[in-house]
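# Coordinates in review
Single-letter residue listing:
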Amino acid sequence: MQRIGVIGAGAWGTALAMAARRAGRDVVLWAREPEVVAAINGSHENTPFLAGVALDPAIRATGDLAEAVRADAVLLVTPAQHIRTTTAKLKPLLASGTPVVLCAKGIEIATGSLMTEVTAGELPGTPLAVLSGPTFAAEVARGLPTAVTLACRDAALSQGLAQALGSLTFRPYASDDLVGAEIGGAVKNVLAIACGIVAGRALGDNARAALITRGLAEIARLGQSLGARPETFMGLSGLGDLTLTCGSLQSRNMSLGHALGQGQPLATILAGRNSVAEGVYTAEAVVRLAARRGVDMPICQAVDAILNHGADVNATIQSLLSRPLKPEGA
């Protein structure tokens, strides 16, 4: 796996391009925006999405999707709600047997499908893997130590991908639980918005710790209802990712929640950003999926109510705190 194609040149796609290049691969990075292509190829910096990070000059950006997918493996890093559209465009271009690594974290709103389900439907027979875990794009791009989950049912493919992407500072750990890796990565974004609201309302570290812990229980309940293994949620793509995203305003989702907690309207917050906070969209999808599976997810329901149904922040917090007491494992 010498040539790696990266589809999506936001902050995370650019960071993964740097990780692959640091591992010694030839990297082609596809961007939808011509100005991003020009910036990466001209000044070796993704100024719109990852300003201040010097990129390896060997990383080549392109606006030609066909060129990017002429690769030994493809990393799909477009936002979750655009995965179906992107994979449909890839279908006539992707060579048979080329593995696709799903790097977006979310659940499709329209169908409640995981990213692997969407991709398998659009690209039947394509070998799939999921890359998830505690990662801030800027730190990965700068080469700071990072560990991730690389979930794949084919052990040989998993090993090949790990060797292609791994380095001293980017360490993929193998798993075969794709569903667990996906659920952890998707739901933690919703919980990070909740933690941001807690911080914005100055409710304290005790409240944030309680929310992370009870949020992890929500992740596990939903994941197990879909066939995921409980131990997955104690790993990098579960507890690791949740801890990172709920503990720093570097997180796009936590910072959005923080602004909500301080009283800013959602529309104003979104208008001031050029990057996607996946939890805004995933909240609705998670709540719908949980309802279909009969899974209780009160924190995610509260976030969805605030984001999508005009619920008052203070009233929603009081409602959560007024829930009946019950055994911790329930």
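Note on numbering: residues in each chain are counted from 1, in written sequence order. Given that the model is predicted, a residue must reach a pLDDT of at least 70 before its local features are reported, and side-chain atom pairs must reach 80 or more before they are shown or counted; all residues, however, enter totals for whole chains, interfaces and linings. With hydrogens and water set aside, each side-chain value is computed from the structure's full complement of heavy atoms.

Turning our eyes to something else, we now look at the pairing of strand β1 (residues 3-7). When you tally the buried positions in β1, you get 4 out of 5 residues, the bulk of the element. A pair of strands is considered paired only if DSSP assigns at least 2 bridges between the two. Put simply, DSSP H or I for four residues or longer makes a helix, DSSP E for two residues or longer makes a strand, and each gets a number counted from the N terminus. Where β1 lies against strand β2 (residues 26-30), 5 bridges are found, and the strand directions are parallel. Paired with I4 across the strands is V27, a residue of β2. Throughout, right-handed denotes a crossover for which the path from the first strand over the helix to the second runs clockwise when the strands point away from the viewer. Of the crossover connections in this fold, the one passing from β1 over helix α1 (residues 11-22) to the parallel β2 is right-handed. In this structure, β1 lies alongside strand β4 (residues 73-76), joined through 4 bridges in parallel fashion. Note on β4: the bridge partner recorded for I4 is A73. Buried, partly exposed and exposed residues are distinguished by accessible area as a fraction of the type maximum, computed with a 1.4 Å probe on protein chains only: under 20%, between the cut-offs, and over 50%, respectively.

Here the UniProt-annotated "binding site: NAD(+)" (unreviewed entry) positions come out as G8, A9, G10, A11, W12, G13, A137 and R252. If you trace the backbone, A9 turns up in the loop between β1 and α1. Contact partners of A9, with chain neighbours within four places excluded, come to T14, L29, W30, A31, V36, N46 and F49. Note on placement: W12 falls in helix α1. Exposure remark for W12: the relative accessible area of 12% places this residue in the buried category. In what follows, a contact means two residues having at least one pair of non-hydrogen atoms within 4.5 Å. Ignoring any residue separated from it by four or fewer positions in sequence, one finds W12 in contact with V77, C103, L131, T135, A137 and V140. UniProt positions are given in the numbering used here, feature names are shortened, and annotations may be inferred rather than shown by experiment.

Attention shifts here to unusual backbone geometry. Positive phi is not limited to glycine here, since H44 has a value of about 55°. By the secondary structure assignment, H44 is in the loop between α2 (34-43) and β3 (60-62). According to the relative accessible area criterion, H44 is partly exposed, its value standing at 26%. We note that A202 has phi near 55°; this positive angle belongs to a residue other than glycine. Here A202 is to be found in the loop between α8 (178-200) and α9 (205-225).

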